[in-house]
Amino acid sequence: AQSVTQLDSQVPVFEEAPVELRCNYSSSVSVYLFWYVQYPNQGLQLLLKYLSGSTLVKSINGFEAEFNKSQTSFHLRKPSVHISDTAEYFCAVSDPGNTGFQKLVFGTGTRLLVSP
Amino acid sequence: EAGVTQFPSHSVIEKGQTVTLRCDPISGHDNLYWYRRVMGKEIKFLLHFVKESKQDESGMPNNRFLAERTGGTYSTLKVQPAELEDSGVYFCASSQERGSGYTFGSGTRLTVV
């Protein structure tokens, strides 16, 4: 069964500094990868996803993640964070599977705390 | 379009009572999923509906949990009787196409005291 590891439960960072949130998943022949974000008092929102093609995927608010098959990683990065990026970030993986149904397996989440 | 709607947003009940959570998916989305996050732990899959049929309920914790999806539209998740360990945030999600990523609701925070 798939598993996802987010080693950092909390990442404090100053505004305008770069950040990397780490995500590793257990090996599989092929996977779909996702990053979800949960802002305070809100639901989960899809931040970005990797399904196929270019290994570098980007979100509209400046985040990017790179699929690294050899290291089974999908780390999330942003070159300069803003106070409004304070949230909890979840990495998730799914198997495309024979039936086409993808059950998402989540990591335990990483709280990004951006301070001025 | 309207998003995935869940209610109530919060529920506090006593151990042994019954609670019913509701999820309204995005109109036209055949796939509906329930997930749960127990405090501080990962978000875990509970079950998946395709229209009104249960496609996969392998994540349901035990027989105190009953999920239904009336007419392939909204879904309910009933916990009867509730136990302390059922506390957590219950998320519903829906999707139209496989592999496109889900749209999640805001979740229902259930507290059993």
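One can find the structure itself at the top, above this paragraph.
Every value quoted in this text rests on a predicted model; they were computed, and no experiment measured them.

Caption draft 1: Representation of the side chain of A:Ser73. By the secondary structure assignment, A:Ser73 is in strand 9 (residues 73-78). Those residues in contact with A:Ser73 that lie beyond four places of it in its chain are A:Cys23, A:Asn24, A:Tyr25, A:Glu66, A:Phe67 and A:Asn68.

Caption draft 2: Up close: the sheet that holds strand 1 (residues 5-7) of chain B. All names here are of chain B. Taken in spatial order, the four strands line up as 1-3-8-7 in an open sheet, and their pairing is antiparallel. At either end of the open sheet lies a strand with only one pairing partner, and these are strand 1 and strand 7 (65-69). The sheet shows a mean angle of 15° between the axes of neighbouring strands, direction not considered. Summarising the sheet, strand 3 (residues 19-24) and strand 8 (residues 75-79) pair through five bridges and their orientation is antiparallel.

Caption draft 3: A look at the packing of aromatic side chains. One pass over the structure, following the stated rule, counts 16 aromatic pairs over all chains. When the ring of A:Tyr25 is compared with that of A:Phe67, the centres are 6.4 Å apart and the planes differ by 25°; the resulting orientation is stacked. Of this pair, A:Tyr25 sits in strand 4 (residues 24-25) while A:Phe67 sits in strand 8 (residues 64-68), and the two are 42 residues apart along the sequence. Taken together, the ring pairs in this structure connect A:Phe34, A:Tyr36, A:Phe90, A:Phe106, B:Tyr33, B:Tyr35, B:Phe45, B:Phe91, B:Tyr102 and B:Phe104 into an aromatic cluster. The aromatic ring of B:Tyr74 is capped on one face by B:Arg22, whose charged end is 3.7 Å from the ring centroid.

Caption draft 4: Focus on unusual backbone geometry. A cis amide bond links B:Phe7 with the next residue in sequence, B:Pro8, at an omega value of 0°. A cis geometry characterises the amide bond from B:Gln80 onward to B:Pro81, with omega recorded as -10°. Topologically, B:Pro81 is positioned in the loop between strand 8 and strand 9 (88-95). At A:Asn41, a position not held by glycine, the phi torsion is positive, near 65°. Its relative accessible area of 83% is what places A:Asn41 among the exposed residues. Despite not being glycine, B:Lys51 has its phi angle at roughly 55°, a positive value. You can call B:Lys51 partly exposed: its relative accessible area is 42%.

Caption draft 5: Focus on the interface of chain A and chain B. Each side of the interface is counted separately: chain A has 21 residues, and chain B has 19 residues. When chain A packs against chain B, the two sides together hide about 1700 Å² of surface, and 59% of this comes from carbon and sulfur. At the junction of chain A and chain B, the tally comes to two salt bridges. Summed over the shared surface of chain A and chain B, the number is six residue pairs in polar contact (both at pLDDT 80 or more). Put simply, the parts of the chain that give the side of chain A that touches chain B at least two residues each are strand 5 (32-38), strand 6 (44-50) and strand 10 (87-94) of chain A. Take the side of chain A that touches chain B: its biggest share by element is four residues, from strand 5 of chain A. The residue makeup of the side of chain A that touches chain B, split by class, is 10 nonpolar, eight polar and three charged.

Caption draft 6: Spotlight on the pattern of salt bridges. Inspection of every chain in the model, using the stated rule, returns 12 salt bridges over all chains. Across the pair A:Arg22 and A:Asp8 runs a salt bridge, and its minimum N-O distance is 2.9 Å. You can see A:Arg22 sitting in the loop between strand 3 (19-21) and strand 4 and its partner A:Asp8 sitting in the loop between strand 1 (4-5) and strand 2 (10-14), a full 14 residues away along the chain. Note on A:Arg22: relative accessible area 32%, which makes it partly exposed. Note that B:Arg37 is salt-bridged to A:Glu88, the shortest N-O span being 3.0 Å.

Cut-offs applied
Residues numbered from 1 in each chain as written. Chains lettered and ligands numbered in written order. Predicted model: local features only at pLDDT ≥ 70, side-chain atom pairs only at ≥ 80, totals over all residues. Heavy atoms only, no water. Helix = DSSP H or I, 4+ residues; strand = E, 2+ residues; numbered from the N terminus. Contact = heavy atoms within 4.5 Å. Pairing = 2+ DSSP bridges. Axes fitted to C-alpha atoms, helices over the stretch in contact; angles between N-to-C directions. Phe/Tyr/Trp six-rings, centres within 6.5 Å; stacked < 30°, edge-to-face > 60°. Lys NZ or Arg CZ within 6 Å of the ring centre and 35° of its normal. Buried < 20%, exposed > 50% of the residue type's maximum accessible area, 1.4 Å probe, protein only. Buried area = accessible area lost by both parts, 1.4 Å probe. Salt bridge = Lys/Arg side-chain N within 4 Å of Asp/Glu carboxyl O. Polar contact = N/O pair within 3.5 Å; in protein donor to acceptor, adjacent residues only side chain to side chain. Nonpolar A, V, L, I, M, F, W, Y, C, P; charged D, E, K, R; others polar.

In short, shape yes, function no, at least from these values alone.
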